[in-house]
Amino acid sequence: MIETHYNSETKQRIERAIQVLETVSDPEIPVLSVLDLGVIRQMKIVNQLLHVDITPTYSGCPAMKVIELSVEAALLEAGLGPVQIHTVIDPAWTTDWISEEGQRKLREYGIAPPNTAERIARLKGDAPRIACPRCGSEDTVCVSEFGSTACKAFYKCKSCLEPFDYFKCH
Amino acid sequence: MIPKDHLFDFMLIHADTSLIISQRLSEWCGHGPVLEQDMAMTNLALDHIGRARLLYQYASELENAGRSEDELAFLRDELDYKNLLLAEYPNTDFAFTVTRQFFLDAFYIDLLDKLSGSADSRLAHIANKSLKETQYHYKWSSDWMIRLGDGTEISHEKVQNAVDRLWEYTGEIFQPAECELGMMEAGVAPSYEELSDSWHQRVNSVLAEATLKKPQSTWQQKGGKTGHHTEHLGYLLAEMQYMQRAYPGLDW
Ligand SMILES: [Zn+2]
């Protein structure tokens, strides 16, 4: 997804940029880096300018502006400027772009990661089974389709009785 | 080729509708009937403002007259807003808010689906992004129609009342404005007759499941798309535009 077929100097700059972006976190789910979240779509260097394409998770997500600023600041701080950030909406972001690493981090953080079984269940008109991130039980119930941020729904586990966030399929 | 002013007007109809419904929904912030629904409605508001921004940004580029997305959103007068009348109808109560949302979602879910294959690629991308969100909104609003309609005696009565009162604002959705006719001819927008059919199908099936009656009245309001609004819009704009008017060029 991130282009690296360049001469060695350019390649090095992009590789360093990737390392830097691994340390830039999502302001609302700080365990995820912007790379885990899958919002960085492309980086390339044209005439010494480092172009970074970022795609919004949800079109009104208030974290996007913060993410853009943190990405730019982190790259400049690492001496990788000049930088130009572009917002792209096509193709539209999907939770399928959250890395496996990201899924693991979400679960450890107490958020049930997006589940493709949900998508299939919805297609069939069944209620999706979302496993509790604390005890693993699938005996859970959706309290609200909308949670504390645009990307999450709110669930409750009937086995351990803990409430939890579910990163909904999108 | 689609005339640019048709495309521009089309963007405004849907950007304004999105902005105004967003403003209405956000009025619920801190006043929702329960915390989860307070959050649901503000989440809907956020998605709508995001969509409005994408459409205003495109409109601003099409117009190419130096008016920014903020100027389009906040510095026009009432007669220049082209939103659907339904969007400006006051929240009234939870049943009205759910019904208003349901009527709009049942339209946008099919419009956006069709537009995501539009010959205008920029519009297609915006529609595709918004469609995913609207599918989620539609699920919320249609679920609540059924829950309230097929709920208690009081919830049934309240939502039936909302359906009856809001019905006269639904016909306008499918009365194409000049720009919409132009876009249909150019194959950029879908046929409104088709959209009307699928809207009625959705509404019939949800109302039936909700044990609600479809109103028989055929008299319909119109005017939103040409800037002739109900008395409610002026008050909404006064509040929404206050900061930009009082502090021109205000930025975050
Ligand atoms: Zn549990």
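## Section: the interface of chain B and chain A
Now for step 1: Counting residues at the interface gives 22 residues for chain B, matched by 23 residues for chain A.
Now for step 2: Overall, the association of chain B and chain A removes approximately 2000 Å² of surface from exposure, summing both partners, and the carbon and sulfur fraction of that is 62%.
Now for step 3: Of all residues in chain B, B:Lys129, B:Lys132 and B:Tyr136 bury the most surface against chain A, accounting for 35% of the area lost on that side.
Now for step 4: Summed over the shared surface of chain B and chain A, the number is 1 salt bridge.
Now for step 5: One salt bridge connects A:Glu145 with B:Lys139, and the closest N-O pair in it is separated by 3.2 Å.
Now for step 6: On inspection of chain B and its partner chain A, the count reaches 10 residue pairs in polar contact (both at pLDDT 80 or more).
Now for step 7: Mapped by element, the contributors of at least two residues to the side of chain B that touches chain A are helix 2 (35-63) and helix 6 (121-149) of chain B.

## Focus on the sheet that holds strand 5 (residues 140-144) of chain A
All names here are of chain A.
Now for step 1: Taken in spatial order, the 4 strands of this open sheet run 4-7-6-5, and their pairing is mixed. A single partner strand is all that each edge strand has here, and the edge strands are strand 4 (111-112) and strand 5.
Now for step 2: Where strand 6 (residues 152-157) lies against strand 7 (residues 163-167), 5 bridges are found, and the strand directions are antiparallel. Following the sheet pairing, Lys156 is matched in strand 7 by Pro163.

## Here's the deal with the packing of helix 5 (residues 94-115) of chain B against helix 7 (residues 153-166) of chain B
Residue and element names in this part refer to chain B.
Now for step 1: At a closest axis distance of 8 Å, the pairing of helix 5 and helix 7 adopts a crossing angle of 50°. Between helix 5 and helix 7, the crossing angle belongs to the class labelled oblique. You can see that helix 5 and helix 7 cross each other, and the crossing is right-handed. Residues Ala95, Phe96, Thr99, Arg100 and Phe103 of helix 5 touch helix 7, and the partners they reach there are Lys158, Val159, Asn161, Ala162, Val163, Arg165 and Leu166.
Now for step 2: Residues that form the contact of helix 5 with helix 7 fall into these classes: 7 nonpolar, 2 polar and 3 charged.

## Concerning the environment of B:Val159
All names here are of chain B.
Now for step 1: With respect to the helices and strands, Val159 occurs in helix 7.
Now for step 2: Assessed through its relative accessible area of 0%, Val159 is described here as buried.
Now for step 3: Through-space distance from the C-alpha of Val159 to that of Leu212 is 8.2 Å; in sequence the pair is 53 residues apart.
Now for step 4: When residues no more than four places from it in sequence are discounted, the contact partners of Val159 are Ala95, Thr99, Met145, Leu148, Gly149 and Leu212.

## Some words on the nonpolar core
Residues and elements named next belong to chain B.
Now for step 1: The biggest cluster of nonpolar side chains holds 93 residues, and the ones touching the most others in it are Phe10, Met11, Phe103, Phe107, Trp140 and Met145.
Now for step 2: Here this core gets 14 residues from one element, more than from any other, and that element is helix 5.
Now for step 3: Not counting residues within four places of it along the chain, the set of residues in contact with Met145 comprises Val98, Thr99, Phe102, Asp150, Val159, Val163, Val206, Leu207, Ala210 and Leu212.

## What about the coordination of the zinc ion?
Six octahedral donors around a metal ideally subtend angles of 90 or 180 degrees, whereas four tetrahedral donors ideally subtend 109.5 degrees.
All names here are of chain A.
Now for step 1: Protein-derived ligands of the zinc ion are Cys132 (SG), Cys135 (SG), Cys157 (SG) and Cys160 (SG), with the metal-ligand distances lying across 2.3 to 2.4 Å.
Now for step 2: Around the zinc ion sit 4 donor atoms, and with donor-metal-donor angles ranging over 104 to 115° the site reads as tetrahedral.
Now for step 3: On the primary sequence, the residues serving as donors to the zinc ion are separated as C-x2-C-x21-C-x2-C.

## With respect to the domain arrangement of chain A
Frequently, the measure chosen for interface size is the accessible area removed from exposure when the parts meet.
Residues and elements named next belong to chain A.
Now for step 1: When the domains of chain A are assigned, the result is domain 1 (8-93) and domain 2 (98-167).
Now for step 2: One C-alpha centre belongs to domain 1, the other to domain 2, and the line joining them spans 27 Å.
Now for step 3: Counting from both sides, the interface comprises 9 residues of domain 1 and, opposite them, 13 residues of domain 2.
Now for step 4: Taken together, both faces of the contact between domain 1 and domain 2 bury some 1000 Å²; the carbon and sulfur share is 72%.
Now for step 5: Three residues, Ile29, Val31 and Asp36, lead the burial of domain 1 against domain 2; their summed loss comes to 49% of the area buried on that side.
Now for step 6: Across the contact surface, domain 1 and domain 2 share 1 salt bridge.
Now for step 7: Residue Lys105 pairs with Asp36 through a salt bridge whose shortest N-O separation is 2.5 Å.

## Digging into unusual backbone geometry
Residue and element names in this part refer to chain A.
Now for step 1: Residue Pro82 is reached from Gly81 by a cis peptide bond, and omega for that bond is -5°.
Now for step 2: Within the fold, Pro82 resides in the loop between helix 3 (63-77) and strand 3 (83-87).
Now for step 3: Along the chain, Asp90 connects to Pro91 via a cis peptide bond; the corresponding omega equals -5°.
Now for step 4: Structurally, Pro91 is set in the loop between strand 3 and helix 4 (100-109).

## What about the packing of aromatic side chains?
All names here are of chain B.
Now for step 1: Inspection of the entire model under this criterion finds 19 aromatic pairs over all chains.
Now for step 2: Between Tyr89 and Tyr169, the aromatic rings sit 5.4 Å apart at their centres with planes inclined by 55°, giving tilted as the arrangement. One end of the pair, Tyr89, is in the loop between helix 4 (85-88) and helix 5; the other, Tyr169, is in the loop between helix 7 and helix 8 (178-185), and 80 residues separate them in sequence.
Now for step 3: Exposure remark for Tyr89: the relative accessible area of 8% places this residue in the buried category.
Now for step 4: Put simply, the rings of Phe102, Phe103, Phe107, Tyr108, Tyr138, Trp167, Phe174, Tyr192 and Trp199 touch in pairs and so form one group of aromatic residues.
Now for step 5: The ring of Tyr81 has Arg76 sitting right over it, with the charged end atom 4.4 Å from the ring centre.
Now for step 6: Cation over ring: Arg202 sits above Tyr138, and NZ or CZ is 5.0 Å from the ring centre.

Cut-offs used in this document
Residues numbered from 1 in each chain as written. Chains lettered and ligands numbered in written order. Predicted model: local features only at pLDDT ≥ 70, side-chain atom pairs only at ≥ 80, totals over all residues. Heavy atoms only, no water. Contact = heavy atoms within 4.5 Å. Buried area = accessible area lost by both parts, 1.4 Å probe. Salt bridge = Lys/Arg side-chain N within 4 Å of Asp/Glu carboxyl O. Polar contact = N/O pair within 3.5 Å; in protein donor to acceptor, adjacent residues only side chain to side chain. Helix = DSSP H or I, 4+ residues; strand = E, 2+ residues; numbered from the N terminus. Pairing = 2+ DSSP bridges. Axes fitted to C-alpha atoms, helices over the stretch in contact; angles between N-to-C directions. Parallel < 35°, antiparallel > 145°, perpendicular 65-115°, else oblique. Left-handed = near helix turned anticlockwise from the far one by under 90°. Nonpolar A, V, L, I, M, F, W, Y, C, P; charged D, E, K, R; others polar. Buried < 20%, exposed > 50% of the residue type's maximum accessible area, 1.4 Å probe, protein only. Core = buried A, V, L, I, M, F, W, Y, C linked by side-chain atoms within 4.5 Å. Donors = N, O, S within 2.8 Å, 3.2 Å for Na, K, Ca; no water. Tetrahedral: all angles 85-135°; square planar, octahedral: opposite > 155°, others 65-115°. Domains from an automatic or database assignment. Phe/Tyr/Trp six-rings, centres within 6.5 Å; stacked < 30°, edge-to-face > 60°. Lys NZ or Arg CZ within 6 Å of the ring centre and 35° of its normal.

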